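Close look at the chain arrangement
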Amino acid sequence: MWVRRDRDVGIYEGSSYPHLFSNFPGGVRVALGKTSLGASVYVNEDVVFDGAPVLFRKAWQHLCFTFEDVSAAGDGSKVAFRLYINGVLQQSVDKELPEGKKLGSAAGTANLGGNGGNRPFTGILDEVRLWNRALSAAEVREEFERVPGGPEDALLSRWTMDEVVTESGVRKFKDSGVQARDLELGSGVTTVAGVKGNAARTDGTTASWAYTTAAVNISDMTLCAWVNQSVDSSKDNESKIG
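If you're wondering where the values come from, they're calculated on a predicted model, not measured in any experiment.

The next subject is the overall build of the protein. Helices and strands together make up the secondary structure of the protein, namely 2 helices and 17 strands. Here the protein holds 242 residues, and 52% of them are scored as buried. If you take every contact in the protein between residues at least 6 apart in sequence, the share linking residues at least 24 apart comes to 64%. With an accessible surface of roughly 9300 Å², the protein has 46% of that area assigned to carbon and sulfur atoms.

With respect to the secondary-structure elements, L223 resides in strand β17 (residues 221–229). Placed 156 residues apart in sequence, L223 and F67 show a C-alpha to C-alpha distance of 8.7 Å. Filtering out sequence-adjacent residues up to four positions away, L223 remains in contact with F21, F24, L63, C64, F65, V128, R129 and L130.

Right, let's talk about the state of the cysteines for a bit. The term disulfide refers to a covalent linkage connecting the sulfur atoms of a pair of cysteines. Applying the stated criterion across every chain, the model contains 1 disulfide. Disulfide pairing is shown between C64 and C224; the S-S distance is 1.8 Å. Across the disulfide from C64 to C224, rotation about the S-S bond amounts to roughly 110°, and the bridge is consequently right-handed. Highlighted residues: C64 in strand β5 (residues 61–69) and C224 in strand β17, separated in sequence by 160 residues.

Averaged over the protein, the pLDDT score is 74; the fraction of residues at 70 or greater is 69%. Across the protein, element-level confidence peaks in strand β11 (residues 165–167) with a mean pLDDT of 93 and bottoms out in helix α2 (residues 236–239) with 30. In the model, residues 1–15 has pLDDT below 50 throughout and makes 92 contacts with residues more than four positions away in sequence or in other chains. In this model, residues 232–242 is a region of pLDDT below 50 whose contacts with residues beyond four sequence positions or in other chains number 24 contacts.

The next thing to look at is the packing of aromatic side chains. Evaluated as defined, the whole model comprises 2 aromatic pairs. Taking the centre distance of 5.7 Å and the plane angle of 35° together, the rings of F144 and W226 count as tilted. Placement of the pair is F144 in helix α1 (residues 137–145) and W226 in strand β17, with a sequence separation of 82 residues. The exposure class assigned to F144 is buried, which follows from its relative accessible area of 18%. Look at W226 and you get buried, because its relative accessible area is 4%.

Turning to the side chain of S157, a few remarks are in order. Structurally, the position occupied by S157 is in strand β10 (residues 155–159). Excluding its chain neighbours within four sequence positions, the residues that come into contact with S157 are V128, R129, L130, D175, G177 and Q179.

By the criterion of burial, β5 is predominantly enclosed, with 8 of the 9 residues buried. Relative to β17, β5 runs antiparallel, the two being bridged by 7 bridges. Across the sheet, residue F67 finds its bridge partner in β17, namely M221. Bridge count for β5 against strand β6 (residues 78–85) is 7 bridges, and the pairing is antiparallel. Counted as the bridge partner of C64 is Y84 from β6.

This paragraph deals with the nonpolar core. Ranked by size, the top nonpolar core spans 36 residues in total, and within it L20, F21, F24, F67, V128, L183 and Y211 carry the most contacts. Elements that contribute at least two residues to this core include exactly β1 (19–24), β2 (28–32), β3 (38–43), β5, β6, β8 (105–112), β9 (122–131) and β17. Residues C64, Y84, L135 and V140 belong to the second largest nonpolar core, which totals 7 residues.

Let us look at the environment of L155. Turning to its location among the elements, L155 is positioned in strand β10. C-alpha of L155 to C-alpha of G177: the two residues are 22 residues apart in sequence and 6.2 Å apart in space. With sequence-adjacent residues up to four places away left out, L155 is seen in contact with R129, L130, W131, G177 and V178.

What α1 keeps buried is the set E139, V140, E143 and F144. On an axial view of α1, the arc spanned by its buried residues comes to 145°, and they lie on one face. Residues of α1 that are exposed and point over 90 degrees away from its buried face: A138 and E145. Those residues of α1 that are buried are in contact with β5, β6, β9 and β17.

Criteria and thresholds
- Residues numbered from 1 in each chain as written.
- Predicted model: local features only at pLDDT ≥ 70, side-chain atom pairs only at ≥ 80, totals over all residues.
- Heavy atoms only, no water.
- Helix = DSSP H or I, 4+ residues; strand = E, 2+ residues; numbered from the N terminus.
- Buried < 20%, exposed > 50% of the residue type's maximum accessible area, 1.4 Å probe, protein only.
- Contact = heavy atoms within 4.5 Å.
- Areas by Shrake-Rupley, 256 points an atom, 1.4 Å probe, with all protein chains shown as cover.
- Disulfide = S-S within 2.5 Å.
- pLDDT = per-residue confidence, 0-100.
- Phe/Tyr/Trp six-rings, centres within 6.5 Å; stacked < 30°, edge-to-face > 60°.
- Pairing = 2+ DSSP bridges.
- Core = buried A, V, L, I, M, F, W, Y, C linked by side-chain atoms within 4.5 Å.
- Arc of directions from axis to C-beta.

Here you go:
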(Lines give C-alpha, C1' and ligand atoms only; values in the text may rest on other atoms or scores of the structure.)
Protein backbone atom coordinates (compact mmCIF):
# COMPACT_ATOMS: atom_id res chain seq x y z
CA MET A 1 0.00 0.00 0.00
CA TRP A 2 1.28 3.47 -0.89
CA VAL A 3 0.22 6.50 1.25
CA ARG A 4 0.57 10.30 0.99
CA ARG A 5 -0.13 12.74 3.83
CA ASP A 6 -0.66 16.51 3.59
CA ARG A 7 0.02 17.45 7.22
CA ASP A 8 2.93 16.89 9.56
CA VAL A 9 0.88 16.60 12.73
CA GLY A 10 -1.87 14.33 13.95
CA ILE A 11 -5.14 16.22 13.46
CA TYR A 12 -7.42 13.36 14.50
CA GLU A 13 -7.81 13.53 18.25
CA GLY A 14 -9.40 11.25 20.80
CA SER A 15 -11.31 8.42 19.12
CA SER A 16 -11.68 10.26 15.79
CA TYR A 17 -8.60 8.99 13.98
CA PRO A 18 -9.19 7.64 10.45
CA HIS A 19 -8.84 3.98 9.52
CA LEU A 20 -6.91 2.61 6.59
CA PHE A 21 -8.20 -0.92 7.24
CA SER A 22 -10.75 -2.30 9.68
CA ASN A 23 -12.91 -5.31 10.49
CA PHE A 24 -10.51 -7.81 8.95
CA PRO A 25 -11.07 -11.41 10.11
CA GLY A 26 -9.40 -11.78 13.48
CA GLY A 27 -10.26 -8.19 14.41
CA VAL A 28 -7.28 -6.57 12.67
CA ARG A 29 -7.52 -2.84 12.03
CA VAL A 30 -5.02 -0.08 11.22
CA ALA A 31 -5.73 3.53 12.27
CA LEU A 32 -3.83 6.76 11.56
CA GLY A 33 -3.29 9.99 13.45
CA LYS A 34 -3.93 8.90 17.04
CA THR A 35 -0.52 10.43 17.64
CA SER A 36 1.49 12.74 15.41
CA LEU A 37 2.52 10.96 12.22
CA GLY A 38 1.49 7.72 13.91
CA ALA A 39 -0.28 4.48 13.13
CA SER A 40 -2.02 2.18 15.58
CA VAL A 41 -2.61 -1.51 14.92
CA TYR A 42 -5.25 -3.47 16.84
CA VAL A 43 -6.24 -7.11 17.09
CA ASN A 44 -9.66 -7.64 18.62
CA GLU A 45 -9.37 -4.21 20.30
CA ASP A 46 -5.99 -5.16 21.82
CA VAL A 47 -3.29 -2.61 20.87
CA VAL A 48 -0.25 -4.08 19.14
CA PHE A 49 1.39 -0.96 17.70
CA ASP A 50 0.59 2.53 18.94
CA GLY A 51 2.09 5.67 17.47
CA ALA A 52 4.46 3.99 15.03
CA PRO A 53 5.79 6.70 12.64
CA VAL A 54 4.21 6.25 9.24
CA LEU A 55 3.23 9.18 7.08
CA PHE A 56 4.98 12.16 5.59
CA ARG A 57 3.35 15.19 4.10
CA LYS A 58 2.15 14.90 0.48
CA ALA A 59 4.29 11.90 -0.37
CA TRP A 60 3.55 8.41 -1.61
CA GLN A 61 4.66 5.72 0.83
CA HIS A 62 4.61 1.95 0.71
CA LEU A 63 3.30 0.30 3.90
CA CYS A 64 3.51 -3.39 4.73
CA PHE A 65 2.12 -5.04 7.87
CA THR A 66 3.03 -8.68 8.53
CA PHE A 67 1.42 -10.99 11.09
CA GLU A 68 3.00 -14.35 11.96
CA ASP A 69 1.96 -16.92 14.56
CA VAL A 70 5.04 -17.63 16.72
CA SER A 71 3.27 -19.43 19.58
CA ALA A 72 4.71 -22.79 20.67
CA ALA A 73 1.31 -24.43 20.23
CA GLY A 74 0.63 -22.77 16.89
CA ASP A 75 -2.72 -21.51 18.20
CA GLY A 76 -2.34 -17.78 17.49
CA SER A 77 -1.80 -16.86 21.14
CA LYS A 78 1.52 -15.17 20.33
CA VAL A 79 2.00 -13.26 17.11
CA ALA A 80 4.98 -11.47 15.60
CA PHE A 81 3.97 -8.12 14.08
CA ARG A 82 6.23 -6.22 11.70
CA LEU A 83 5.75 -2.79 10.13
CA TYR A 84 7.73 -1.85 7.02
CA ILE A 85 7.80 1.58 5.36
CA ASN A 86 9.25 1.82 1.86
CA GLY A 87 10.78 -1.62 2.23
CA VAL A 88 12.54 -0.91 5.54
CA LEU A 89 11.58 -2.48 8.87
CA GLN A 90 10.35 0.24 11.25
CA GLN A 91 8.82 -1.64 14.16
CA SER A 92 8.86 -5.22 15.40
CA VAL A 93 6.77 -6.60 18.27
CA ASP A 94 6.12 -10.13 19.52
CA LYS A 95 2.74 -9.90 21.23
CA GLU A 96 1.04 -12.29 23.63
CA LEU A 97 -2.69 -12.05 22.97
CA PRO A 98 -5.25 -12.45 25.77
CA GLU A 99 -7.53 -15.46 25.88
CA GLY A 100 -10.46 -14.90 23.57
CA LYS A 101 -8.48 -12.44 21.43
CA LYS A 102 -6.25 -14.86 19.56
CA LEU A 103 -5.74 -14.56 15.84
CA GLY A 104 -7.24 -17.39 13.87
CA SER A 105 -8.92 -18.50 10.69
CA ALA A 106 -12.37 -16.93 10.33
CA ALA A 107 -14.65 -15.62 7.62
CA GLY A 108 -15.71 -12.00 7.76
CA THR A 109 -15.93 -8.64 6.03
CA ALA A 110 -13.19 -6.07 5.71
CA ASN A 111 -13.24 -2.32 5.11
CA LEU A 112 -10.62 -0.22 3.35
CA GLY A 113 -10.67 3.55 3.76
CA GLY A 114 -12.84 3.64 6.86
CA ASN A 115 -14.53 1.66 9.59
CA GLY A 116 -17.98 0.69 8.37
CA GLY A 117 -18.68 4.24 7.19
CA ASN A 118 -17.08 5.89 10.24
CA ARG A 119 -13.60 7.37 10.73
CA PRO A 120 -13.04 7.82 6.97
CA PHE A 121 -9.61 8.13 5.42
CA THR A 122 -8.90 11.12 3.17
CA GLY A 123 -6.30 10.29 0.55
CA ILE A 124 -5.25 7.83 -2.11
CA LEU A 125 -4.64 4.07 -2.07
CA ASP A 126 -2.97 2.00 -4.78
CA GLU A 127 -1.89 -1.61 -5.34
CA VAL A 128 -3.42 -3.08 -2.17
CA ARG A 129 -2.37 -6.69 -1.67
CA LEU A 130 -3.15 -9.40 0.87
CA TRP A 131 -1.16 -12.62 1.39
CA ASN A 132 -2.02 -15.54 3.68
CA ARG A 133 1.53 -15.76 5.01
CA ALA A 134 4.05 -13.38 6.53
CA LEU A 135 6.46 -12.14 3.87
CA SER A 136 10.14 -12.04 4.76
CA ALA A 137 12.05 -8.77 4.96
CA ALA A 138 13.65 -9.51 1.58
CA GLU A 139 10.24 -10.16 0.02
CA VAL A 140 8.82 -6.94 1.43
CA ARG A 141 11.76 -5.07 -0.07
CA GLU A 142 11.11 -6.76 -3.42
CA GLU A 143 7.44 -5.82 -3.20
CA PHE A 144 8.40 -2.20 -2.59
CA GLU A 145 10.90 -2.03 -5.44
CA ARG A 146 8.84 -3.80 -8.10
CA VAL A 147 5.38 -2.47 -8.86
CA PRO A 148 3.38 -4.52 -9.62
CA GLY A 149 5.95 -7.31 -9.30
CA GLY A 150 6.99 -9.12 -6.14
CA PRO A 151 6.06 -12.45 -4.57
CA GLU A 152 2.92 -13.94 -6.07
CA ASP A 153 2.57 -17.19 -4.11
CA ALA A 154 -0.06 -17.13 -1.37
CA LEU A 155 -1.41 -13.86 -2.81
CA LEU A 156 -5.06 -13.92 -1.82
CA SER A 157 -6.17 -10.52 -3.07
CA ARG A 158 -4.77 -7.82 -5.32
CA TRP A 159 -6.67 -4.62 -6.00
CA THR A 160 -4.87 -2.48 -8.60
CA MET A 161 -7.51 0.29 -8.37
CA ASP A 162 -6.99 0.95 -12.08
CA GLU A 163 -10.61 0.86 -13.20
CA VAL A 164 -14.07 1.14 -11.66
CA VAL A 165 -16.50 -1.41 -13.07
CA THR A 166 -20.26 -1.48 -12.50
CA GLU A 167 -21.99 -4.83 -11.98
CA SER A 168 -25.70 -5.03 -11.19
CA GLY A 169 -25.64 -1.34 -10.35
CA VAL A 170 -22.74 -1.68 -7.87
CA ARG A 171 -19.45 0.15 -8.45
CA LYS A 172 -16.43 -2.06 -7.79
CA PHE A 173 -12.69 -2.49 -7.99
CA LYS A 174 -11.95 -6.01 -9.23
CA ASP A 175 -9.79 -8.42 -7.25
CA SER A 176 -7.25 -10.25 -9.45
CA GLY A 177 -6.08 -12.52 -6.60
CA VAL A 178 -7.23 -16.09 -6.01
CA GLN A 179 -9.97 -14.95 -3.62
CA ALA A 180 -11.63 -12.83 -6.33
CA ARG A 181 -13.26 -10.64 -3.68
CA ASP A 182 -14.16 -7.38 -5.39
CA LEU A 183 -14.27 -4.12 -3.44
CA GLU A 184 -17.68 -2.46 -3.40
CA LEU A 185 -17.22 1.31 -3.48
CA GLY A 186 -18.82 4.06 -1.44
CA SER A 187 -20.04 7.17 -3.20
CA GLY A 188 -16.95 9.17 -2.26
CA VAL A 189 -14.48 6.96 -4.16
CA THR A 190 -13.02 8.13 -7.48
CA THR A 191 -9.93 7.28 -9.53
CA VAL A 192 -6.85 9.48 -9.93
CA ALA A 193 -3.31 8.95 -11.19
CA GLY A 194 -1.47 6.49 -8.97
CA VAL A 195 1.94 4.93 -8.49
CA LYS A 196 1.28 2.81 -11.58
CA GLY A 197 -1.84 3.43 -13.63
CA ASN A 198 -4.78 4.71 -11.63
CA ALA A 199 -5.41 4.70 -7.89
CA ALA A 200 -8.42 5.07 -5.61
CA ARG A 201 -9.14 8.42 -3.98
CA THR A 202 -11.52 8.74 -1.04
CA ASP A 203 -12.90 12.15 -0.09
CA GLY A 204 -13.02 11.60 3.69
CA THR A 205 -16.81 11.63 3.96
CA THR A 206 -18.83 8.56 3.01
CA ALA A 207 -16.30 6.27 1.34
CA SER A 208 -15.82 2.89 3.00
CA TRP A 209 -14.88 -0.01 0.78
CA ALA A 210 -16.18 -3.34 2.00
CA TYR A 211 -15.61 -6.86 0.77
CA THR A 212 -16.53 -10.29 2.06
CA THR A 213 -13.65 -12.69 2.41
CA ALA A 214 -13.39 -16.46 2.51
CA ALA A 215 -11.80 -18.04 5.57
CA VAL A 216 -8.24 -16.75 5.98
CA ASN A 217 -5.62 -17.86 8.48
CA ILE A 218 -5.12 -14.37 9.81
CA SER A 219 -2.34 -15.54 12.15
CA ASP A 220 -0.08 -15.55 9.11
CA MET A 221 -0.83 -12.57 6.90
CA THR A 222 0.77 -9.69 5.02
CA LEU A 223 -1.08 -6.54 4.01
CA CYS A 224 0.74 -4.09 1.71
CA ALA A 225 -0.35 -0.95 -0.12
CA TRP A 226 0.77 2.36 -1.53
CA VAL A 227 -0.85 5.21 0.42
CA ASN A 228 -1.00 8.95 -0.10
CA GLN A 229 -2.85 10.79 2.67
CA SER A 230 -4.32 14.11 1.55
CA VAL A 231 -5.92 16.15 4.33
CA ASP A 232 -6.78 19.83 4.09
CA SER A 233 -8.37 22.18 6.58
CA SER A 234 -11.76 22.03 4.86
CA LYS A 235 -11.97 18.33 5.70
CA ASP A 236 -11.04 18.56 9.40
CA ASN A 237 -14.58 18.42 10.75
CA GLU A 238 -15.76 15.95 8.14
CA SER A 239 -12.93 13.60 9.01
CA LYS A 240 -13.62 13.71 12.74
CA ILE A 241 -16.31 11.04 12.76
CA GLY A 242 -16.72 8.49 15.51
